[in-house]
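What follows is each chain in one-letter form.
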Amino acid sequence: QVQLVESGGGLVQAGGSPRLSCAASGRSFSAYAMGWFRQAPGKERAFVAFIRRSAGNIYYADSVKGRFTISRDNAKNTVYLQMNSLKPEDTATYYCAARIGGTSGSYWSPSWFDYWGQGTQVTVSS
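Throughout this document, residue positions are counted from 1 along each chain, in the order its sequence is written. Predicted model: local features are reported for residues with pLDDT of at least 70 only, side-chain atom pairs are reported and counted for 80 or more only, and whole-chain, interface and lining totals are derived from all residues. To obtain the side-chain values, all non-hydrogen atoms of the structure were included, while hydrogens and water were left out.

S.K.: Describe the packing of aromatic side chains, naming the residues involved and giving the relevant values.
M.R.: Stacked, edge-to-face and tilted labels apply to pairs of Phe, Tyr and Trp rings (six-membered ring for Trp) whose centres lie within 6.5 Å, assigned for plane angles under 30 degrees, over 60, and everything in between, in that order. Summed over the entire model, instances satisfying the criterion amount to 13 aromatic pairs. Members of the aromatic cluster, each reached through a chain of ring pairs, are Phe37, Phe47, Phe50, Tyr59, Tyr95, Tyr107, Trp112, Phe113 and Trp116. The rule is short: NZ of Lys or CZ of Arg within 6 Å of the ring centre and within 35 degrees of the ring normal puts a charge over the ring. Between Arg45 and the ring centre of Tyr95, over which it is positioned, the NZ or CZ distance is 3.8 Å. Above the plane of the ring of Trp116 lies Arg45, whose end atom (NZ or CZ) is 4.8 Å from the centre.

Here it is in structure tokens:
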């Protein structure tokens, strides 16, 4: 069983630049495809960013492209989401997710992922 633990959320001002972290307990983190999703109150879970196991391919939702950066440190079993120029509409619970096995798929869909973290709340004030 893979366990994912997000951290780094909290209350931030608009325009802030927090960095979220997701630490994985799995033995083969470098083989996991990793994604970030977010869910605002009353809304569906939405895709934010994706990074493949090799880190060679990265994808972002249009809503965050140019502001957010996903990266991974396989030696630390950690994936990051650097968030810049935060807006109030970025307020949500942010989740990391892992896909175990396979080489391709619908990375934008929550149903494609095998494991999820508990989420970390990010609240952006104006």
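S.K.: How would you summarise the environment of Ser17 if you had to cite specific residues and measurements?
M.R.: Following the sequence through the fold, Ser17 ends up in the loop between strand E2 (10-13) and strand E3 (19-24). Burial classes follow relative accessibility: with a 1.4 Å probe on protein chains only, a residue under 20% of its type's maximum area counts as buried, one over 50% as exposed, and anything between as partly exposed. For Ser17, a relative accessible area of 46% corresponds to the partly exposed category. Expressed as a C-alpha distance, the spacing of Ser17 and Asn84, which sit 67 residues apart in the sequence, is 4.3 Å. Throughout this description, a polar contact denotes any pair of N or O atoms lying within 3.5 Å of each other; where both atoms belong to protein, one of them has to be capable of donating a hydrogen while the other can accept it, and for residues adjacent in sequence the pair is counted only when both atoms sit in side chains. Polar side-chain contacts of Ser17 include one of 3.1 Å to the side chain of Asn84. Helix and strand assignments come from DSSP, with helices taken as H or I runs of at least 4 residues and strands as E runs of at least 2, each series counted from the N terminus.

S.K.: Could you give an account of the pattern of salt bridges, naming the residues involved and the relevant values?
M.R.: A side-chain nitrogen of Lys or Arg and a carboxyl oxygen of Asp or Glu constitute a salt bridge if their distance falls within 4 Å. As enumerated under the stated definition, the model contains two salt bridges in all. Where Asp90 meets Arg38, a salt bridge forms, and the shortest distance between an N and an O atom there is 2.9 Å. In this pair, Asp90 sits in the loop between strand E8 (78-83) and strand E9 (92-100) while Arg38 sits in strand E4 (residues 32-39), placing the two residues 52 residues apart along the sequence. We note that Asp90, like Arg38, is buried. A salt bridge links Arg67 to Asp90; the nearest nitrogen and oxygen atoms lie 2.8 Å apart.

S.K.: How would you explain the nonpolar core if you had to name every residue and give the values?
M.R.: Met34, Trp36, Leu81 and Tyr94 are the most contacted members of the largest nonpolar core, which totals 35 residues. When residues of this core are traced back to their parent elements, those giving at least two are E3, E4, strand E5 (46-51), strand E7 (68-73), E8, E9 and strand E11 (120-125). We call a set of buried residues a nonpolar core when its members are Ala, Val, Leu, Ile, Met, Phe, Trp, Tyr or Cys and they connect through side-chain atoms within 4.5 Å of each other.

S.K.: Mind laying out the sheet that holds strand E1 (residues 4-7), listing which residues take part and the relevant values?
M.R.: Strands pair, by our definition, only if DSSP identifies at least two bridges between them. Sheet architecture is open: four strands sit in the order E1-E3-E8-E7, paired in antiparallel fashion. Every other strand in the sheet has two partners, leaving E1 and E7 as the edge strands with one partner each. Averaged over all pairs of adjacent strands, the angle between their axes in this sheet comes to 15°, without regard to strand direction. Two elements, E1 and E3, share four bridges in a ladder whose sense is antiparallel. In the sheet register, Ser7 faces E3, and the bridge partner there is Ser21. Helix axes use the C-alpha atoms of the stretch in contact, all axes being lines fitted to C-alpha atoms, and the angles between their N-to-C directions lie in the range 0 to 180 degrees.

S.K.: Which residues make up the pairing of E7, and what values do they have?
M.R.: Residues of E7 alternate between two faces, with Phe68, Ile70 and Arg72 buried on one and Thr69, Ser71 and Asp73 left unburied on the opposite face. As defined by bridge partners, E7 adjoins E8 across six bridges and the pair is classed as antiparallel. When the sheet's bridge partners are listed, Asp73 is paired in E8 with Thr78. The antiparallel pairing of E7 with E8 creates a hairpin that spans four residues between the two strands, and Asn77 there sits at a positive phi of about 55°.

S.K.: Just give me the short version of unusual backbone geometry, but keep the residues and values in it.
M.R.: Of note, Asn77 is a non-glycine position whose phi angle comes to about 55°, a positive value. In this structure, Asn77 sits in the loop between E7 and E8. The phi torsion at Ser85 lies on the positive side, around 50°, for a residue other than glycine. Of the residues examined, Ser85 reaches a relative accessible area of 42% and is grouped as partly exposed.

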